[in-house]
Amino acid sequence: MTHQRSLFIVSALAVALAWSGSAAAHCDTLDGPVVSAGRKALDSGNVSLALVWVQKVDEGEIRTAFDKARAVRKAGGDAKDLADRYFFETLVRVHRAGEGAGYAGLKPAGHVEPAVAAADQAIATGKLRPLGTLVAERMEQGLHRHFDATMAKKNYAPNDVEAGRAYASAYVEFVHYAERLYQAAETLAPDESNPPAARHAH
C-alpha cells in the first residue's frame with residue numbers, strides 16, 4: 001500500500017468516525033458548507049447551488065423559501081439579514097432531516113471538530129497530507145493509550161480477582177477500540193446502491 005493511499009484511508013476513516021457521532025454537526029454551523037452554499041445561492045440568484053444539499057423530494061420547500069428570501073432581502077438592512085437567516089435555517093433543517101438528523105438551530109462559526117476543519121481544508125487546497133497526518137497521529141495516540149493501559153494491568157497475581165477484572169476491562173476496551181477502527185475502514189468504499197444523502201450523515 002502506498003503512503004498516499006495510507007493517508008487517504010486514515011483520513012477517510014477519521015471523517016467516517018466523526019460523522020457517526022455527535023461531533024458531526026458540521027452542516028449546522030454558519031461557516032459550514034450548507035450555509036455557504038445557501039449564501040452563494042442567494043447572492044447569485046441561482047437556487048441550484050443550494051439544492052445540491054437536499055434530496056429531490058425536498059426541492060419544492062427550498063425553492064419556495066429561496067423565492068421568499070430573495071424577495072424580502074431586496075429591502076436591505078435588517079430585512080436582508082432576517083431573510084438570509086430564514087433561508088439558511090430552512091436549508092439546514094431540511095438538509096439534516098434528509099439525513100435523519102435532528103436540528104436545534106444554527107451554530108456560530110468555528111464550531112467544527114479539527115478533523116472536519118482539516119477535511120474542508122484538504123478539499124479547498126487539494127492536499128490530503130495535513131489531514132492524513134492529523135488523523136494518523138490521533139489514532140496512534142488512541143491505540144497507544146488503550147494498549148498501555150492494558151499492558152500495565154496484564155501481569156496481575158492469579159488470585160487477585162479485582163486486579164484480573166481490571167485487566168479484563170482494559171483488554172475489552174483496547175480490543176473494541178481497534179475493532180471500531182478496523183470496521184470503519186471496511187466501509188470506506190462508496191456504495192453506489194446507497195444514495196449520497198444516506199452516506200454523508202454529518
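If you're wondering where the values come from, they're calculated on a predicted model, not measured in any experiment.

Give a detailed account of the pattern of salt bridges, specifying residues and quantitative values.
Counting across every chain of the model gives eight salt bridges. Across the pair E61 and R93 runs a salt bridge whose closest N-O atoms are separated by 2.7 Å. A residue pair is termed long-range when its members are at least 10 positions apart, and E61 in helix α4 (residues 59-73) and R93 in helix α5 (residues 77-98) qualify at 32 residues. Among the residues examined, E61 registers a relative accessible area of 38% and is labelled partly exposed. A relative accessible area of 35% means that R93 is categorised as partly exposed. Between K80 and D84 there is a salt bridge whose closest N-O contact spans 3.2 Å. Of this pair, K80 and D84 both sit in helix α5, four residues apart, which is roughly one turn of the helix. Each of the salt bridges in this network shares a partner with another, and the network as a whole consists of D43, R73, K80 and D84.

Describe the packing of helix α2 (residues 33-44) against α4, listing the residues and the values that go with them.
Where α2 meets α4, the axes come as close as 10 Å, and the angle between the chain directions of the two elements is 60 degrees. In this view, α2 runs oblique relative to α4, as classed from their interaxial angle. For the crossing formed where α2 meets α4, the hand is right-handed. On the side of α2, the interface is formed by A41, L42, D43 and S44, while α4 contributes F66, A69, R70 and R73. Class assignment for the residues of the contact of α2 with α4 results in four nonpolar, one polar and three charged.

Analysis parameters
Residues numbered from 1 in each chain as written. Predicted model: local features only at pLDDT ≥ 70, side-chain atom pairs only at ≥ 80, totals over all residues. Heavy atoms only, no water. Salt bridge = Lys/Arg side-chain N within 4 Å of Asp/Glu carboxyl O. Helix = DSSP H or I, 4+ residues; strand = E, 2+ residues; numbered from the N terminus. Buried < 20%, exposed > 50% of the residue type's maximum accessible area, 1.4 Å probe, protein only. Axes fitted to C-alpha atoms, helices over the stretch in contact; angles between N-to-C directions. Parallel < 35°, antiparallel > 145°, perpendicular 65-115°, else oblique. Left-handed = near helix turned anticlockwise from the far one by under 90°. Contact = heavy atoms within 4.5 Å. Nonpolar A, V, L, I, M, F, W, Y, C, P; charged D, E, K, R; others polar.

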